[in-house]
Amino acid sequence: MATLFFSYSHKDEALRDELEVHLAMLKREGLIEAWHDRRILAGDVLDSAISANLDSADVILLLCSPEFLNSEYCYGMEMKRAMERHERGECRVIAVILRPCEWQRTPFAKLIVTPTDGKPVSKWPDRDEAFQDVVRHIRAALPKTREPARPAAFTGRPASPSAVLPRSSNLRMRKEFTEASGGPATPSAVLPRSSNLRMRQEFTEADRDRFLDDSFHFISRFFEGSLAELQQRNEGIETRFIPSEARAFGAVIYRNGKAVARCGVRHGGARGFMSGITFSHDESAPTNSFNECLNVGVGEQSLFLKPMGMTMGRAGDGVNGGSQLTAEGAAEFLWSLLIEPLQR
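Nothing here was measured: the structure is a model prediction, and the numbers come from that model.

What counts, and at which threshold
Each chain has its residues counted from 1, following the order in which its sequence is written. Local features in this predicted model are restricted to residues of pLDDT 70 or higher, and side-chain atom pairs are both shown and tallied only at a pLDDT of 80 or more, whereas totals for entire chains, interfaces and linings draw on every residue. Only hydrogens and water are removed before side-chain values are computed, so all heavy atoms of the structure are retained for them. Two strands are counted as paired when DSSP detects at least two bridges linking them. The way it works is that DSSP assigns letters per residue, a run of H or I at least four long becomes a helix, a run of E at least two long becomes a strand, and they are numbered from the N terminus. Interaxial angles span 0 to 180 degrees and are taken between N-to-C directions of axes, which are lines fitted to C-alpha atoms, for helices over the stretch in contact. Contacts are assigned to residue pairs that have any heavy atoms within 4.5 Å of one another. Each residue gets one of three labels from its accessible area relative to the maximum for its type: buried under 20%, exposed over 50%, partly exposed in between, using a 1.4 Å probe on protein chains only. Our angle categories are set so that under 35 degrees counts as roughly parallel, over 145 as roughly antiparallel, 65 to 115 as roughly perpendicular, and the remainder as oblique. Working rule for handedness: look at the near helix, and if it is turned counterclockwise from the far one by less than a right angle, call the crossing left-handed; if clockwise, right-handed. Residue polarity follows a fixed list, in which Ala, Val, Leu, Ile, Met, Phe, Trp, Tyr, Cys and Pro are nonpolar, Asp, Glu, Lys and Arg are charged, and the others, Gly among them, are polar. Identification of polar contacts relies on pairs of N or O atoms within 3.5 Å, with a donor-acceptor requirement for protein atoms, meaning one able to donate a hydrogen and the other able to accept it, and with residues adjacent in sequence counted only if both atoms are side-chain atoms. Side-chain atoms within 4.5 Å are what join buried Ala, Val, Leu, Ile, Met, Phe, Trp, Tyr and Cys residues into a set we call a nonpolar core. Each Phe, Tyr or Trp ring, with Trp reduced to its six-membered ring, pairs with another whose centre is within 6.5 Å; inter-plane angles below 30 degrees give stacked pairs, above 60 give edge-to-face pairs, and intermediate values give tilted ones.

**Q** For this particular structure, what's the right way to read the sheet that holds strand β7 (residues 258-267)?
**A** What holds strands together in a sheet is hydrogen bonding between their backbones, with the strands either parallel or antiparallel. An order of β5-β6-β7-β8-β9-β10 is seen for the six strands of this open sheet, with the pairing classed as antiparallel. The open sheet is flanked by β5 (237-245) and β10 (303-307), the only strands paired with a single partner. Adjacent strand axes in the sheet meet at a mean angle of 20°, parallel and antiparallel pairs treated alike. With three bridges connecting them, strand β8 (residues 277-280) and strand β9 (residues 292-298) associate as antiparallel partners. Counterpart to T278 in the pairing with β9 is C293. Set on the sheet, helix α7 (residues 205-233) makes contact with β5, β6 (248-255), β7, β8, β9 and β10; between it and β5 the angle comes to about 155°. Against the sheet, helix α8 (residues 327-339) engages β6, β7, β8, β9 and β10, with an angle of about 170° to β9.

See the structure below:
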């Protein structure tokens with residue numbers, strides 16, 4: 001069984017928890033045992049416990065984010081020691097890019113990072129797919145089971161009892177205890193316990209409202225930037241971004257002066273028929289109809305946006321009603337609905 005060490009910033013604890021959920025099958029198959037600093041017990045020496053586990057781990061995961069790179073402890077101590085052990089062949093270092101940052105300028109940039117091509121987890125349309133991609137890399141990198149060493153050929157009387165000879169595995173003897181011993185002593189080491197101590201996160205209505213507000217704001221800026229870039233890159237293409245009101249915007253794409261794609265996106269709040277973030281093929285973003293709608297869902301560790309699936313089988317790179325989208329994923333999904341006519 002390989003020991004897995006998480007090196008991470010506490011700012012990214014929720015993402016670390018999500019990754020640990022996706023490692024469940026590796027744990028069930030007996031391939032890994034995960035360790036991170038939340039497993040330190042009261043009374044343990046913090047630095048000593050971390051150093052001991054860092055120095056004994058078979059695989060060290062560097063969960064990379066701006067806070068990780070900014071941390072003297074994570075970057076300056078844990079990452080440096082991990083790379084030293086990796087270069088001596090004592091462990092395997094795997095970098096997991098959680099959020100956009102300048103990981104390309106780090107010592108571990110020479111390694112193959114995860115997810116594939118170093119695309120940050122937060123930038124994937126579906127975060128579950130991102131973590132599954134990471135898990136595939138981890139599974140492939142786990143140390144292979146070593147073949148048992150073969151005994152050396154016997155050429156005569158062994159020079160010492162330590163020479164390798166065939167022997168029985170049944171060498172257990174009954175241990176004798178004196179009256180004073182009272183049986184075998186109980187070790188003072190840390191008691192065994194489960195690594196499954198993760199608790200479901202609770203989210204309030206205020207949390208959901210803020211998540212919806214932030215997601216809509218990001219989608220609005222995403223569309224504005226994408227429209228400008230589309231026009232700049234393609235001759236004959238004109239675009240319009242129409243911020244009709246605080247909670248709605250429209251978009252139109254023209255080819256040689258003719259409108260070929262239109263849409264309106266509206267923030268409908270958390271309750272009611274038009275709740276969530278609605279998409280319609282009408283730049284006025286009507287308040288009484290839509291072609292697709294994203295509602296807030298609650299996961300074990302995070303909030304997400306879930307499409308109703310009204311456009312399933314059309315655009316969206318395979319996104320359907322079962323997807324759990326980040327704000328970035330939702331923006332890409334809705335953008336694909338707008339640009340679909342230009343890509344047929």
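**Q** When you look at unusual backbone geometry in this model, what are you seeing that I'm missing?
**A** Most peptide bonds adopt trans geometry, and most residues besides glycine take a negative phi value. A cis amide bond, omega -10°, links T114 with the succeeding residue P115. Tracing the chain through its elements places P115 in the loop between β4 (92-97) and α6 (127-141). With phi around 65°, D117 is a residue other than glycine that occupies positive phi space. Relative to the elements of secondary structure, D117 occurs in the loop between β4 and α6. Positive phi outside glycine occurs at N256, with the angle close to 50°. Position of N256 among the secondary structure elements: in the loop between β6 and β7. By relative accessible area, which is 66% here, N256 ends up exposed.

**Q** Hey, could you run me through the sheet that holds strand β1 (residues 2-7) in this one?
**A** Pairing is parallel across the open sheet formed by four strands, whose spatial order is β2-β1-β3-β4. Edge positions in the open sheet fall to β2 (32-35) and β4, since each of these has one partner strand only. For this sheet, the mean inter-axis angle between neighbouring strands, taken without regard to orientation, is 25°. Pairing between strand β3 (residues 59-64) and β4: six bridges, direction parallel. Residue pairing across strands places C64 opposite I97, the latter belonging to β4. The strands touched by α6 within the sheet are β1, β3 and β4, with β4 carrying the most contacts at an inclination of about 175°.

**Q** Any chance you could explain the packing of α7 against α8 here in plain terms?
**A** The packing of two helices is summarised by the inter-axis angle and the distance between the axes. Where α7 contacts α8, the two axes come as close as 9 Å, and the packing angle between them is 45°. Taken together, the axes of α7 and α8 lie oblique to each other. Our pair here, α7 against α8, has a crossing hand that is right-handed. Here S215, F218, I219, F222, F223, S226, L227 and L230 of α7 come into contact with α8, specifically with A327, E328, A330, A331, E332, L334, W335, L338 and I339. Across the contact of α7 with α8, the residue classes tally to 13 nonpolar, two polar and two charged.

**Q** Could you clarify how one ought to interpret the environment of Q132 in this entry?
**A** Among the secondary structure elements, Q132 is positioned in helix α6. When its relative accessible area of 34% is taken as the criterion, Q132 is described as partly exposed. The spatial distance from the C-alpha of Q132 to the C-alpha of L19 is 8.5 Å, given a sequence separation of 113 residues. Side chain to side chain, Q132 and H22 meet in a polar contact 2.8 Å long.

**Q** Just to check I follow, could you spell out the packing of helix α1 (residues 13-22) against α6 for this structure?
**A** In contact at an axis separation of 9 Å, α1 and α6 are set at 65° when each is read in the N-to-C sense. In this structure, α1 crosses over α6, and the sense of that crossing is right-handed. Facing α1, whose interface residues are L15, E18, L19 and H22, α6 presents R127, D128, F131, Q132, V134 and V135. In terms of residue class, the contact of α1 with α6 is made up of five nonpolar, two polar and three charged.

**Q** Help me out: how do you make sense of the nonpolar core in this one?
**A** A general tendency of soluble globular proteins is for nonpolar side chains to be buried together. By size, the foremost hydrophobic cluster in this structure holds 32 residues, and its most contacted members are F223, I277, L334 and L338. Of all the elements in the fold, those that place two or more residues in this core are α7, β6, β7, β8, β10 and α8. In this structure F223 touches F241, F249, A251, C263, A331, L334, W335 and L338, once residues within four positions along its chain are discounted. Y8, L61, L98 and A130 belong to the second largest nonpolar core, which has 25 residues in total.

**Q** What is the right way to read the packing of aromatic side chains from this model?
**A** Counted under the stated rule, the structure contains seven aromatic pairs. Aromatic ring contacts, followed pair by pair, group F216, F218, F222, F223, F241, F249 and W335 into a single cluster.

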